[in-house]
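What follows is the residue order along each chain.
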Amino acid sequence: MVFHSIRLNAATGFFESKKFNNFAGSVGLGMIIDDFNGDNFDHTDLDFIHGGMIILGQTGLRPIANNAVPSGTKSWGAEFKEASIKYSNAYLSVKGEGASMAYRQHYIDLDPTYTDDFGDPLARITFDIEEQDRQLTKFLAEKCEQILLEMGADHVDTSRELGPYNVAEYQSTHNTGGVIMGADPETSAVNNYLQMWDCDNLFVVGAYAFPQNAGYNPTGTVGALAYRAAEGISKYMETGGQLVSK
Ligand SMILES: Cc1cc2nc3c(=O)[nH]c(=O)nc-3n(C[C@H](O)[C@H](O)[C@H](O)COP(=O)(O)OP(=O)(O)OC[C@H]3O[C@@H](n4cnc5c(N)ncnc54)[C@H](O)[C@@H]3O)c2cc1C
C-alpha cells in the first residue's frame, strides 16, 4: 500500500487594511493547529475518517514568485501589477495537510514496461484520490476559510475540491508506504521493530513502513522509527535471532 499526504492549498485571504510582512520569515517557520487531526474532533455526520493539520507558514515569501491576487483579477497587465503590489504583504494562505488512508487499490508493483540501467523493472505506483480524501479536503478547506474570515480577511479564495491525482503538477512529496509494518506476516512486510518477517536479521528504517500516512509531515515519525528499530536490533542481539515482536 502506498500513500501521498493530501496537500491542500486551502484558502487565501486578502486584507484591505492589514499588513503581514510576508517577506520576512524562514522556511520552516509557522503555526499549526491540530484540532482537526486524527480523532481530535467529532466525526459524527462527517463522511470521512481521520483528518489533518492546518498550517499558517511564515516562510519568507519572495516577490514575483509569490504575488497572489484575488480571484477575478486579470493575470497580466496593469490590473494584475497594481493588485499584486497592493496585496504582496496583505494576503495570507492557510493550508492543510491531510491523512492518506490505506486502500487495496493503492500499491507498488514492478513496471511491465520500464526498466533501469541494469534491465531491472522500475517500481510502479498506482494511486489516486479517493472520496474520503475529497470529503476531508472540503472539510479542512472550510476550516481554513473560517480562520481567515475570523482574522478579518475582506476576500477569501477557497479551494475545496481535490481533483484526480496528477503527477504533472506538485501535489505532495510525502510518498510513504510500499513495504508496510504490521502485526501479521500475511498482510505486512515488517513487524513493528522494522524487522523483515521473511529475513530476521534485516531491519530497515524508512517511511516505506508506514501502514498509513497520518496528517503530519513524515520525517519526525521516520526518526522515531529509527529509535524503535535500534531497540529491536538490541533485543534481537540478546535473544539470538528470534523475531522480536508480533
Ligand atoms: C522536496 C521534498 C521536501 C520535503 N519536505 C519535507 C518536510 O518539510 N518535512 C517532512 O517531514 N518531510 C519532508 N519530505 C519528505 C521526507 O524527505 C521523506 O519522507 C523522508 O526523507 C523519507 O525518508 P526515508 O528514509 O524513508 O527515504 P529517503 O530519505 O528517500 O532515503 C532512502 C535512501 O535510500 C537510498 N537508496 C535508494 N536505492 C538504493 C539502493 N538500491 N541501494 C542503496 N541505497 C539506495 C537513497 O539514495 C536514499 O538515501 C520532503 C521530501 C521532498 C522530496
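Definitions and cut-offs
Residues numbered from 1 in each chain as written. Predicted model: local features only at pLDDT ≥ 70, side-chain atom pairs only at ≥ 80, totals over all residues. Heavy atoms only, no water. Helix = DSSP H or I, 4+ residues; strand = E, 2+ residues; numbered from the N terminus. Buried < 20%, exposed > 50% of the residue type's maximum accessible area, 1.4 Å probe, protein only. Contact = heavy atoms within 4.5 Å. Areas by Shrake-Rupley, 256 points an atom, 1.4 Å probe, with all protein chains shown as cover. Lys, Arg positive; Asp, Glu negative; His and termini not counted. Charge placed at Lys NZ, Arg CZ, Asp CG, Glu CD. Domains from an automatic or database assignment. Buried area = accessible area lost by both parts, 1.4 Å probe. Salt bridge = Lys/Arg side-chain N within 4 Å of Asp/Glu carboxyl O. Polar contact = N/O pair within 3.5 Å; in protein donor to acceptor, adjacent residues only side chain to side chain. Nonpolar A, V, L, I, M, F, W, Y, C, P; charged D, E, K, R; others polar. Near = heavy atom within 4 Å. Phe/Tyr/Trp six-rings, centres within 6.5 Å; stacked < 30°, edge-to-face > 60°. Lys NZ or Arg CZ within 6 Å of the ring centre and 35° of its normal.

Visitor: Looking at this model, I keep getting lost on the overall build of the chain. Mind explaining?
Guide: A count of helices and strands for the chain gives 3 helices and 9 strands. N-terminal to C-terminal, the α/β element order of the chain is β-β-β-β-α-β-β-β-α-β-β-α. When its C-alpha atoms are laid out on the principal axes, the chain stretches across 70 × 40 × 40 Å. Going through the 246 residues of the chain one by one, you find that 38% of them count as buried. Restricting the contact set of the chain to residue pairs at least 6 apart, pairs at least 24 apart contribute 71%. In the structure as shown, the chain presents an accessible area of about 14100 Å², 54% of it carried by carbon and sulfur atoms. Each charge class in the chain was averaged separately, 17 positive and 32 negative side chains, and the resulting centres sit 8 Å apart.

Visitor: Honestly, the domain arrangement of the chain in this entry has me stumped. Any pointers?
Guide: Interface size is commonly expressed as the accessible surface area that is lost when the partners come together. Domain parsing of the chain yields domain 1 (2–99 + 130–158) and domain 2 (175–239). Domain 1 and domain 2 are separated by 33 Å when their C-alpha centres are compared. Across the boundary between the two partners, domain 1 contributes 14 residues, which contact 13 residues of domain 2. Of the roughly 960 Å² buried at the junction of domain 1 and domain 2 (both faces included), carbon and sulfur atoms supply 49%. In this structure, the connection of domain 1 to domain 2 is made through 0 salt bridges. Inspection of the region where domain 1 meets domain 2 yields 3 residue pairs in polar contact (both at pLDDT 80 or more). Elements supplying a minimum of two residues to the side of domain 1 that touches domain 2: strand 1 (2–4), strand 4 (52–59) and strand 5 (91–98). With 3 residues, the single largest contributor to the side of domain 1 that touches domain 2 is strand 1. Per-class residue counts for the side of domain 1 that touches domain 2 are 4 nonpolar, 7 polar and 3 charged.

Visitor: Can you help me understand the environment of aspartate 39 in this one?
Guide: Summarising the element assignment, aspartate 39 is placed in the loop between strand 3 (25–33) and strand 4. Separated by 198 residues in sequence, aspartate 39 and methionine 237 place their C-alpha atoms 38 Å apart.

Visitor: What exactly am I supposed to notice about the site of the ligand here?
Guide: The full set of residues close to the ligand is Thr173, His174, Gly206, Ala207, Asn217, Pro218 and Thr219. Within the backbone of alanine 207, one N or O atom sits 2.7 Å away from an oxygen atom of the ligand. Within the backbone of proline 218, an N or O atom sits 3.4 Å from an oxygen atom of the ligand. Starting from 1000 Å² of accessible surface for the ligand in isolation, the protein chains cover 28%. Classifying every residue of the shell around the ligand gives 2 nonpolar, 5 polar and no charged.

Visitor: So what exactly am I meant to see when it comes to the side chain of asparagine 213 here?
Guide: Positionally, asparagine 213 belongs in the loop between strand 9 (175–177) and helix 3 (219–239). Within polar-contact distance, the side chain of asparagine 213 engages the side chain of threonine 176 at 3.3 Å.

Visitor: How should the packing of aromatic side chains be read in this particular structure?
Guide: Given two aromatic rings, one states the distance between the centres and the angle between the planes to describe the pair. Evaluation of the coordinates by the stated rule reveals 10 aromatic pairs. Arranged with centres 4.8 Å apart and planes meeting at 70°, the rings of phenylalanine 15 and phenylalanine 20 form a pair that is edge-to-face. Centre to centre, the rings of phenylalanine 127 and tyrosine 165 are 5.2 Å apart; their planes meet at 85°, and the pair counts as edge-to-face. With a gap of 38 residues between them, phenylalanine 127 in the loop between strand 7 (121–126) and helix 2 (131–150) and tyrosine 165 in the loop between strand 8 (155–158) and strand 9 connect regions that are remote in the sequence. Directly above the ring of tyrosine 193 sits arginine 228, whose terminal nitrogen or CZ lies 3.7 Å from the centroid.

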